[in-house]
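Here are the chains, one letter per residue:
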Amino acid sequence: QKKKIRALFDEMLDYERLAKDSLGEQWAARSEPEKKEFSELLTQLIRNNYQRNLKKMLDYRIDYAGEQAEQHEILVKTVAKHKSDPRADTIDVSFRLADAGGRYRVVDIITEDSSLVRTYRRQFVRILKKDGFAKLTDKMKKKLADGD
């Protein structure tokens, strides 16, 4: 089952674009080996995070709430409603999609107005400026080793 979920994420998500956008302007300063290492680590972190969150989402019904074209991207809006607890808050989840080789793939996930890419970028840029790239990748490796 984990392999099926991973395959689904891998088909939907543009990990390379997520990595590039998560580093923002810092991406250009990285060497090709650094970009490759960072992309691989971020891919693993995202997979782990969303596999964990997927289990929580089983209690929710996801309703399509519309879409909005934005230049070369599409923002697909959804609303998650708890299946059995009508008092539970609904959760707005939007997916920013961009054309990647002839098909649209997710390049950002916005949950309750919190962008995955912006959140990562704030964390990563702060670590890069303070401690450097090696420390950033060390922290990512430690997070993966700790099971996060």
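Everything below is about the structure printed above this text.
Residues numbered from 1 in each chain as written. Predicted model: local features only at pLDDT ≥ 70, side-chain atom pairs only at ≥ 80, totals over all residues. Heavy atoms only, no water.

What follows is about the nonpolar core. Nonpolar side chains in soluble globular proteins generally cluster together in the buried interior. One finds Leu 13, Phe 38, Leu 42, Ile 46, Phe 124, Leu 136 and Met 140 to be the most contacted residues of the largest nonpolar core, which totals 29 residues. Contributions of two or more residues to this core are made by helix 1 (2–12), helix 2 (15–23), helix 3 (32–57), strand 3 (91–99), strand 4 (104–111), helix 4 (116–131) and helix 5 (133–145). Setting aside residues up to four positions removed in sequence, Leu 42 forms contacts with Leu 18, Ala 19, Ser 22, Tyr 120, Phe 124 and Met 140. (Core = buried A, V, L, I, M, F, W, Y, C linked by side-chain atoms within 4.5 Å. Buried < 20%, exposed > 50% of the residue type's maximum accessible area, 1.4 Å probe, protein only. Helix = DSSP H or I, 4+ residues; strand = E, 2+ residues; numbered from the N terminus. Contact = heavy atoms within 4.5 Å.)

In this model, the largest pocket occupies a volume close to 1100 Å³. As for the largest pocket, its lining consists of 38 residues, and the residues nearest its centre are Asn 49, Tyr 50, Asn 53, Thr 111 and Leu 116. Sort the elements by how many residues they give to the lining of the largest pocket and helix 4 lands first, with nine residues. Within this model, the second largest pocket holds a volume of roughly 240 Å³. Forming the boundary of the second largest pocket are Gln 1, Lys 2, Ile 5, Asn 48, Gln 51, Arg 52, Leu 54, Lys 55 and Leu 58. Mapped onto the lining of the second largest pocket, the elements with two or more residues apiece are helix 1 and helix 3. At five residues, the largest contribution of residues to the lining of the second largest pocket is made by helix 3. Looking at the lining of the second largest pocket residue by residue, the classes come out as three nonpolar, three polar and three charged. (1 Å grid on protein atoms, 1.4 Å probe; cavity = no way out; pocket = protein on both sides within 12 Å on 5 of 7 lines; lining within 4 Å. Points joined across faces, edges and corners; volume = space filled by probe spheres on them. Nonpolar A, V, L, I, M, F, W, Y, C, P; charged D, E, K, R; others polar.)

The next thing to look at is a positive patch on the surface. Taken together, the side chains of Arg 126, Lys 130, Lys 135 and Lys 139 define a basic patch exposed on the protein surface. Listed by contribution, the elements that provide at least two residues to the positive patch are helix 4 and helix 5. Relative to the elements of secondary structure, Arg 126 occurs in helix 4. Judged by relative accessible area, Arg 126 falls into the exposed class, the value being 55%. (Patch = residues over 30% accessible without salt bridge, like charges linked within 9 Å, V, L, I, M, F, W, Y side chains within 5 Å. Areas by Shrake-Rupley, 256 points an atom, 1.4 Å probe, with all protein chains shown as cover. Salt bridge = Lys/Arg side-chain N within 4 Å of Asp/Glu carboxyl O. Lys, Arg positive; Asp, Glu negative; His and termini not counted. Charge placed at Lys NZ, Arg CZ, Asp CG, Glu CD.)

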